[in-house]
Amino acid sequence: MPKNEGKGGKNRRRGKNENEAVKRVVFKEDGQENAQVIQMLGTGRLEALGFASVKRLCPIRGKLRKKVWVNTWDIILVGLREFQDNKADGIFKSNADEARSLKAEDKLPELAKINEMDTFGPGDDETQCDDIGDDDGDIDDI
């Protein structure tokens, strides 16, 4: 019986993502818009809020589906559809450095949140709890 000389299996044969070190900034063109992911819906779909305050349902294109992981509050580039206003196609995901450079060049509005997880809304950072019971009891009494 021959000995296994190779390394790994199917995942090893797939292409590597070698261009991560290169900074690539993609600007929007005609028929495209920058948006922020509001909610991941599953099965390669997400809900994105465009910076023109329009919510759109966006499927993630096949090239990005298993190579690039899209999370909530990420900045993405969506391709608008001429025949459907409430749907668009997720084309490109910007990482945090690219989003900051787009914001510095005034390509993104000031209200765009980058790396900010404000899921609970405005309010105090500290949570105060009221004591309900008496602390006089000892744990040995139980």
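Residues numbered from 1 in each chain as written. Predicted model: local features only at pLDDT ≥ 70, side-chain atom pairs only at ≥ 80, totals over all residues. Heavy atoms only, no water.

The protein chain is annotated in an unreviewed UniProt entry as Eukaryotic translation initiation factor 1A, Y-chromosomal of Tupaia chinensis.

A. Looking closely at the environment of Arg100. By the secondary structure assignment, Arg100 is in helix α3 (residues 96-104). Here Arg100 falls in the partly exposed class, since its relative accessible area comes to 41%. The sequence separation of Arg100 and Ile114 amounts to 14 residues, and the corresponding C-alpha distance is 7.3 Å. Apart from residues no more than four positions distant in its own chain, Arg100 is found in contact with Ile114 and Asn115. (Helix = DSSP H or I, 4+ residues; strand = E, 2+ residues; numbered from the N terminus. Buried < 20%, exposed > 50% of the residue type's maximum accessible area, 1.4 Å probe, protein only. Contact = heavy atoms within 4.5 Å.)

B. A look at the sheet that holds strand β1 (residues 32-42). Spatially, the 5 strands line up as an open sheet ordered β3-β2-β1-β4-β5, and their pairing is antiparallel. The sheet is open, and its two edges are formed by β3 (55-59) and β5 (88-94), each paired on a single side. Averaged over all adjacent pairs, the angle separating strand axes in this sheet is 45 degrees, with direction ignored. Where β1 meets strand β4 (residues 75-80), 5 bridges bridge the pair, whose relative direction is antiparallel. Residue pairing for β4: Gln36 is matched across the bridge by Ile75. Each of β4 and β5 touches α3; the most contacted strand, β5, lies at about 100 degrees to it. (Pairing = 2+ DSSP bridges. Axes fitted to C-alpha atoms, helices over the stretch in contact; angles between N-to-C directions.)

C. Quick look at the pattern of salt bridges. All chains considered together, the criterion is met by 4 salt bridges. Glu33 is the partner of Arg56 in a salt bridge, and the nearest nitrogen-oxygen pair spans 3.2 Å. A residue pair is termed long-range when its members are at least 10 positions apart, and Arg56 in strand β3 and Glu33 in strand β1 qualify at 23 residues. In terms of burial, Arg56 and Glu33 fall into one category: buried. Asp74 is the partner of Lys93 in a salt bridge, and the nearest nitrogen-oxygen pair spans 3.6 Å. (Salt bridge = Lys/Arg side-chain N within 4 Å of Asp/Glu carboxyl O.)

D. Expanded view of the nonpolar core. The biggest cluster of nonpolar side chains holds 11 residues, and these are Ala35, Val37, Leu46, Ala48, Cys58, Ile60, Leu64, Val70, Ile76, Val78 and Ala88. Ignoring any residue separated from it by four or fewer positions in sequence, one finds Val78 in contact with Gly31, Gln32, Glu33, Ala35, Cys58, Ala88, Asp89, Gly90 and Ile91. (Core = buried A, V, L, I, M, F, W, Y, C linked by side-chain atoms within 4.5 Å.)

E. Highlighting α3. Along α3, the residues that are buried comprise Glu98, Ala99 and Leu102. The arc enclosing the buried residues of α3, seen along the axis, measures out at 100 degrees, which places them on a common side. Contacts made by the buried residues of α3 are with β4 and β5. With its phi angle positive at about 60 degrees, Asp106 sits one or two positions after the end of α3. (Arc of directions from axis to C-beta.)

F. Representation of unusual backbone geometry within the structure. Phi is positive for Thr43, which is not a glycine, with a value near 50 degrees. Relative to the elements of secondary structure, Thr43 occurs in the loop between β1 and β2 (45-50). Residue Thr43 is classed as exposed on the basis of its relative accessible area of 72%. The backbone of Asp106 sits at a positive phi, close to 60 degrees, despite the residue not being glycine. Inspection of the secondary structure assignment puts Asp106 in the segment after α3.

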